[in-house]
Amino acid sequence: TPPHLLRNFCIIAHIDHGKSTLADRMLGVTGIVEDRQMRAQYLDRMDIERERGITIKSQAVRMPWASATKEPARPEQGGVRPEGSPGGLRTYVLNMIDTPGHVDFTYEVSRSLAACEGAVLLVDAAQGIEAQTLANLYLAMENDLAIIPVLNKIDLPSAQPEKYAEEIAGLIGCDTADVLRVSGKTGEGVPALLDRIVEVVPPPVGDADAPARAMIFDSVYDTYRGVITYVRVIDGSLSPREKIAMMSTKATHELLEIGVSSPEPVPAPGLGVGEVGYLITGVKDVRQSKVGDTVTGAHRMASTALGGYKDPRPMVFSGLYPLDGSDYPILRDALDRLKLNDAALVYEPETSAALGFGFRVGFLGMLHLEIVRERLEREFNLDLISTLPNVEYQVRLDDGSTAEVTNPSEFPTGRVASITEPVVRGTILAPSEFIGTIMELCQSRRGTLRGMDYLSPERVEMRYTLPLAEIVFDFFDALKSRTRGYASFDYEPDGEQEADLVKVDILLQGDTVDAFSSIVHRDKAYAYGVQMATKLKELIPRQQFEVPVQAAIGARVIARETIRAIRKDVLAKCYGGDISRKRKLLEKQKEGKKRMKMVGSVEVPQEAFIAALSQD
Ligand code: GTP
């Protein structure tokens, strides 16, 4: 397809604002998927995605669309409108590039946006714009995409299109009349939206004669076909059987198949300037085909790669341990399998006195962690314990040595000169009545207010710098509960800062329980120590002797609880009566013994560790 008939666009939307429904409807309206075949949420592939209603991986779909709309002026031809058949229909090719919807995948979002010339800004007409949408809108604007504002779900009785059209118009500086109104559910307004895309989104521009350069915006592992790489061609062209090279590694592969998704994969004779499609080379690991990398021809290599490539960097770490120690090899194989499809997943073996053999696993964020954990449990039938998630710290000691700490129990010994922690730039959108409570929350999380803007008299955007460690686990829940669910939050990494952090150890009878060591701000060390000591006191059964539970910073004890010794044996509880009850109790005790872990001379039931590590 010649570039002037191509339109590459994506849809930016907050979770649940109806992106998948609208995308499905577009497939129906353009006729590439017949209604009766239309599976609910055609584009969301993985089970987990469907169940949780979130889009994790992006994908592209090619749709024909006959439109009488005039094409926009083409800058490379001096702004002259191309000749069209006057009054007649022309068939365009629309490539819809799906973007992941969650903060953990911001980098993938940025690459999907970089593959497009336009973005549909989709906003629920009953909800208005949310933090997520705003963050992605800013990304799209930075990428100079044409923005098409659209209010969705106008069929809802609670829709307030007038109100939210004004909000959007104010935000992107357009006229309220330019805000389209659609319903992905009924299909109303969808053909007009497709026409608008043709009209407003610029056709791709590239050098057809230059050496090939294509940007990878997604890469997925398929059991039968190996890695399927989704690319957008910028310059030149790619054809089947050609040898290609990845510009970040210079690795070469033969193109076994090249094609387009419409939405099922269809082999194509090649992809030219501006086209979007998939490549199959037979590689078995997504790490060999990384999002953001540039594909070029092995025989005629481009001299410079496309900008914007970044290696995925894990931000959050947690120890994952099988509940049953004999499952360790299964866990290892499972991680090896998941890795094929997840370039951001990193892990290495680790052992814990309390939890046994497991892995320290790095994730992009908390959602990524949850997804991986859920897949391990579901697809591989594993029962897992995970330690409290932590971020990566850079520790510098007085002797000048430095260490990257991703596991608090491996904190270096020696006098600490400084510790730095990762920080994020957070955006919160909320009704203005909650400003006070949000400020309080962010302050308690060591946040610094960076700016505040009113989107309308009732809605405010607040920008904060926050330590990543303070938001990794319950920040979002705390924010939601304090704002009755009305606030939305989004963040992106924003470098590092030095902070007054300390490692708090939890000791049983003088022995450190490695799984509970944590790196926290000095002001919060005491609270953490008391909380863990109290929890453990409640969870660990009495022993034959008194067991002190202590929290300590180095050698200094900051909190202490005591588990008192048992005075009589367990049978004493039965007052000599019912013999079957005694037997039951003994049986139970025996069962319990199997799951006991020894910390020094203290017997701790595994359940106590699990309960202490759970966040509720
Ligand atoms: P993520 O994949 O989580 O980002 O969600 P999404 O934005 O793709 O939303 P999805 O299409 O799954 O829709 C979310 C909910 O809104 C579903 O319950 C849909 O049935 C409903 N919905 C979507 N579009 C419309 C619409 O136009 N009208 C009405 N009434 N409901 C809609």
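Residues numbered from 1 in each chain as written. Predicted model: local features only at pLDDT ≥ 70, side-chain atom pairs only at ≥ 80, totals over all residues. Heavy atoms only, no water.

- As recorded in an unreviewed UniProt entry, the protein chain goes by Elongation factor 4 and comes from Ornithinimicrobium cerasi.
- You can read under Catalytic activity (unreviewed entry) in the UniProt record for the protein chain the words "GTP + H2O = GDP + phosphate + H(+)".
- Heading Subcellular location (unreviewed entry) of the UniProt record for the protein chain holds this comment: "Cell membrane". (UniProt positions renumbered as here; feature names shortened; annotations may be inferred.)

**Some words on the environment of Met452**
Okay, step 1: Summarising the element assignment, Met452 is placed in strand β22 (residues 448–456).
Okay, step 2: Met452 sits in the partly exposed class, given a relative accessible area of 32%.
Okay, step 3: In this structure, the C-alpha to C-alpha distance between Met452 and Ser219, residues 233 residues apart in sequence, is 38 Å.
Okay, step 4: Aside from chain neighbours lying at most four places away, what touches Met452 is Ile435, Met439, Val460, Glu461, Met462 and Arg463. (Helix = DSSP H or I, 4+ residues; strand = E, 2+ residues; numbered from the N terminus. Buried < 20%, exposed > 50% of the residue type's maximum accessible area, 1.4 Å probe, protein only. Contact = heavy atoms within 4.5 Å.)

**Some details on the sheet that holds strand β18 (residues 384–386)**
Okay, step 1: Judged by pairing direction, the sheet is antiparallel, and its four strands sit side by side in the order β16-β17-β15-β18 without closing on themselves. Looking at strand neighbours, the two that pair on one side only are β16 (346–352) and β18, the edges of this open sheet. Taken pair by pair, the neighbouring strands of this sheet meet at an average axis angle of 30°, ignoring direction.
Okay, step 2: Judged from the seven bridges that link them, β16 and strand β17 (residues 356–363) form a sheet pairing that is antiparallel. Within β17, the position partnered with Thr351 by the bridge is Phe357. (Pairing = 2+ DSSP bridges. Axes fitted to C-alpha atoms, helices over the stretch in contact; angles between N-to-C directions.)

**Things to note about the packing of helix α3 (residues 106–114) against helix α4 (residues 131–142)**
Okay, step 1: Between α3 and α4, the least distance of the axes is 10 Å, while the angle of their chain directions is 40°. The angle between α3 and α4 places the two elements in the oblique class. Crossing angle aside, the handedness with which α3 passes α4 is right-handed. Only Asn136, Leu139 and Ala140 of α4 make contact with α3, whose side of the interface consists of Thr106, Val109, Ser110 and Leu113. (Parallel < 35°, antiparallel > 145°, perpendicular 65-115°, else oblique. Left-handed = near helix turned anticlockwise from the far one by under 90°.)

**Side note on the packing of helix α7 (residues 328–340) against helix α8 (residues 366–379)**
Okay, step 1: Relative orientation of the contacting elements α7 and α8 amounts to 120°, with a least axis distance of 11 Å. In terms of axis orientation, α7 runs oblique to α8. Along this stretch, α7 crosses α8, giving a crossing that reads as right-handed. In contact with Leu331, Ala334, Leu335 and Leu338 of α7, α8 contributes Val372, Arg375, Leu376 and Glu379.
Okay, step 2: Looking at the contact of α7 with α8 residue by residue, the classes come out as six nonpolar, no polar and two charged. (Nonpolar A, V, L, I, M, F, W, Y, C, P; charged D, E, K, R; others polar.)

**Digging into the environment of Leu5**
Okay, step 1: Residue position: Leu5 is located in the segment before β1 (6–13).
Okay, step 2: C-alpha separation for the pair Leu5 and Leu507, spaced 502 residues apart in sequence, amounts to 68 Å.

**Thoughts on the packing of aromatic side chains**
Okay, step 1: According to the stated counting rule, one finds six aromatic pairs in the structure shown.
Okay, step 2: Seen in terms of ring centroids, Phe217 and Tyr230 are 6.3 Å apart; in terms of plane orientation they differ by 40°. Their pairing is tilted. Pair noted here: Phe217 is in strand β7 (residues 213–222) and Tyr230 is in strand β8 (residues 226–235), with a separation of 13 residues, a long-range link.
Okay, step 3: Among the residues examined, Tyr230 registers a relative accessible area of 6% and is labelled buried.
Okay, step 4: Summarising the aromatic geometry, the rings of Tyr328 and Phe357 are spaced 6.0 Å apart at their centres and angled 55° between planes, so their arrangement reads as tilted. With a gap of 29 residues between them, Tyr328 in helix α7 and Phe357 in strand β17 connect regions that are remote in the sequence.
Okay, step 5: Of the residues examined, Phe357 reaches a relative accessible area of 55% and is grouped as exposed.
Okay, step 6: Through successive ring pairs, a cluster of aromatic residues spans Tyr328, Tyr347, Phe357 and Phe359. (Phe/Tyr/Trp six-rings, centres within 6.5 Å; stacked < 30°, edge-to-face > 60°.)

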